[in-house]
Amino acid sequence: MQELTHYINGEHVSGTSGRFADVYNPATGEVIAKAPLASVAEVEQAVQIAAAAQPAWAATNPQRRARVMMKFVDLLNRDMDKLAEALSREHGKTLPDAAGDVQRGLEVVEYCIGAPQLLKGEYTDGAGPGIDMYSMRQALGVTAGITPFNFPAMIPMWMFAPAIACGNAFILKPSERDPSVPLMLAELMEEAGLPKGILQVVNGDKEAVDALLHNEVVQSIGFVGSTPIAEYIYGTGCANGKRVQCFGGAKNHMIIMPDADLDQAADALIGAGYGAAGERCMAISVAVPVGEETADRLIEKLVPRIEKLKVGPYTDGNDVDYGPVVTAAAKANIERLIQTGVDQGAELVVDGRGFSLQGYEDGFFVGPHLFDRVTPDMDIYKTEIFGPVLSTVRAGSYEEALKLAMDHEYGNGTAIFTRDGDTARDFANRINIGMVGINVPIPVPLAYHTFGGWKKSVFGDLNQHGPDAFKFYTRTKTVTSRWPSGLKEGGEFHFKPMD
Ligand code: NAD
């Protein structure tokens, strides 16, 4: 069995805490590696190294920093298959989906090549007599990020690429479920020319996270994961005076209007509901058909599509629709929630319970499930299931459907399927959710826009990637300068305009 490492000061370093987490191949259920869980001392060592390396990196001109990103993009493309394979092996998602995970991170790295432009700052010539004023964006120093298991390539890159392009050092604490790809990314960044100590990977659990939260040198914390942990990290990080942005869980609704193309809507729901076994924060987990007839027709179209889904290991190639969930505990939790749905009176139209795959009986596979007649008081509606389970809540009207999505505590993403422009515009304007799709089921914004939800899906005020990331990873400093040209005015005692 492979013993994974940390990546500190440009070296693979064995863990010294004596604590490890098992890393599984979810398709077989076997433990394939163990990841070291860092102690406070290991985290502190990484922080010290980062703090020593960062000033020289911040002083490297932004164009040179951007060239590292350019080279990194080349290396990601060179190693795409290798990265996707390593990702699928520990996560379970299909190979094309794993390549998409790398690709969506790569696109943020491409955006960061624009760092010289994005960091240019502002200048006012002649703000007063002989007075010029300029604002510059300066790196924070040592920054850190804590990432979830479900996008082990994309989300680390969403954080470290802008942080590093801005001149910061970055400490990544990836998910202990699938830490191999983050380690590979750190190696590639160094191959691309990044100095040692600027990107380090410290594997770990709560102990490592707490060590980062309480370390005075760490200036900012980025977090993506479940809402209770997001709330804890936001509260603790802010109380310790850090800049913090935390992105949490989701329960994304898709509203299907009576005028929608129902074949298109059903196809969209299949991909958005069951892709990646439902382990996406932008998965659609609630379908809201408007009107009984729409609901009946939609269910009729969904059932045969769901029954055709091919569930299997990533090694079965490109025709697998989705793979196993990440751990036995995740599988047990999904099955528990499905049972609550049945017990609380939802109609289980497609029953994937007892699903087993020949040759992979110990894998963490969950068959696809479709519930109809789900109501807002049920646990399967209130809770993020994070599995291949789609719930249908029938709404009597557009207003009822809109209210349902608005009243849910999560506000990450949502979608509406309709042919009516007025309805679509009204929905986009009124909905209290951060990312909206119109006839698009998973509206993940591209790298040059920003990603973030509302309500309990986010804690903090700036989004991920796009222009917000360059704000999050820099501080503004504004300089007012005067060259008096021999003018002498004596002391001034009143606050006055510069005219
Ligand atoms: P998680 O909250 O269990 O873990 C996320 C990270 O937090 C990991 O690195 C983990 O080691 C760490 N962690 C876990 N428990 C901790 C504790 N008690 N104290 C400190 N740190 C702790 O989440 P996950 O299961 O890895 O990921 C799935 C969740 O992430 C889902 O809720 C999903 O919706 C969410 N997610 C959100 C977004 C978004 O952008 N909003 C994107 C992807 C995933």
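All values derive from a computational prediction rather than experimental measurement.

Caption draft 1: Representation of the overall build of the protein within the structure. A tally of helices and strands in the protein yields 16 helices and 23 strands. The C-alpha radius of gyration computed for the protein amounts to 25 Å, which stays within 12% of the reference 23 Å derived for 499 residues, consistent with globular compactness. Principal-axis analysis of the C-alpha atoms gives the protein an extent of 85 × 60 × 40 Å. Buried positions account for 52% of the 499 residues belonging to the protein. The long-range fraction of contacts in the protein, counting pairs at least 24 apart against all pairs at least 6 apart in sequence, stands at 72%.

Caption draft 2: How the structure looks around the nonpolar core. Ranked by size, the top nonpolar core spans 90 residues in total, and within it Phe170, Ile171, Leu212 and Ile233 carry the most contacts. At 10 residues, the largest contribution of residues to this core is made by helix α6 (residues 154-165). Core analysis: the next-biggest nonpolar cluster, separate from the first, contains 68 residues, Ala265, Ala272, Met282 and Ala395 among them.

Caption draft 3: Focus on helix α7 (residues 180-191). Under the 1.5 Å per step criterion, the end-to-end length of α7 is 17 Å for 12 residues, consistent within 8% with the ideal 16 Å. With respect to burial, α7 is a largely interior element, 9 of its 12 residues being buried. Here α7 has its buried residues at Ser180, Val181, Pro182, Leu183, Met184, Leu185, Ala186, Leu188 and Met189. Here the buried face of α7 lies against β2 (6-8), α2 (62-78), α3 (80-91), α6, β9 (169-173) and β10 (199-201).

Caption draft 4: Structural detail: the sheet that holds strand β5 (residues 30-36). The 3 strands are arranged β1-β5-β4 in an open sheet whose pairing can be described as mixed. A single partner strand is all that each edge strand has here, and the edge strands are β1 (2-3) and β4 (20-25). Sheet topology places β4 next to β5; 6 bridges connect them, and they run antiparallel. Pairing of Tyr24 across the sheet is with Val31, part of β5.

Caption draft 5: Quick peek at the site of the ligand. Taken together, the neighbourhood of the ligand is formed by 26 residues, with Pro148, Gly225, Ser226, Gly249 and Cys281 sitting nearest. Per-class residue counts for the shell around the ligand are 11 nonpolar, 10 polar and 5 charged.

Caption draft 6: Layout of the confidence of the model for the protein. Across the protein, pLDDT averages 97, with 99% of residues at or above 70. With pTM at 0.96, the complex prediction returns an ipTM value of 0.99.

Caption draft 7: Broad picture of the pairing of strand β8 (residues 142-146). Judged by how many residues are buried, β8 sits mostly within the fold: 5 of 5 residues are covered. In terms of strand pairing, β8 meets β9 through 5 bridges, oriented parallel. From the neighbouring strand, Ala144 faces β9, where its bridge partner is Ile171. For the crossover that starts at β8, traverses α6 and ends in the parallel β9, the hand is right-handed.

Caption draft 8: Structural context of α3. The first and last C-alpha atoms of α3 sit 16 Å apart over 12 residues, in line with the 16 Å expected at 1.5 Å per residue. Among the residues of α3, Leu83, Ala84, Leu87, Ser88, Arg89, Glu90 and His91 are the ones counted as buried. If you follow the buried residues of α3, they end up packed against β4, α4 (95-112) and α7. Once α3 ends, the next one or two residues include Gly92, with phi positive near 105°.

Caption draft 9: Main features of the pairing of β5. With 2 bridges connecting them, β1 and β5 associate as parallel partners. Bridging from a neighbouring strand, Glu3 pairs with Lys34 of β5. As consecutive antiparallel partners, β4 and β5 are separated by 4 residues, and within that stretch Gly29 has a phi angle of approximately 80°, a positive value.

The rules behind the values
Residues numbered from 1 in each chain as written. Predicted model: local features only at pLDDT ≥ 70, side-chain atom pairs only at ≥ 80, totals over all residues. Helix = DSSP H or I, 4+ residues; strand = E, 2+ residues; numbered from the N terminus. Rg over C-alpha atoms; globule rule 2.2 N^0.38 Å. Buried ≥ 20, exposed ≤ 12 C-beta atoms within 10 Å, placed from the backbone. Contact = placed C-beta atoms within 7 Å. Core = buried A, V, L, I, M, F, W, Y, C linked by C-beta atoms within 7 Å. Expected span 1.5 Å × (residues − 1). Pairing = 2+ DSSP bridges. Near = placed C-beta within 6 Å. Nonpolar A, V, L, I, M, F, W, Y, C, P; charged D, E, K, R; others polar. pLDDT = per-residue confidence, 0-100. Right-handed = clockwise from strand over helix to strand, strands pointing away.

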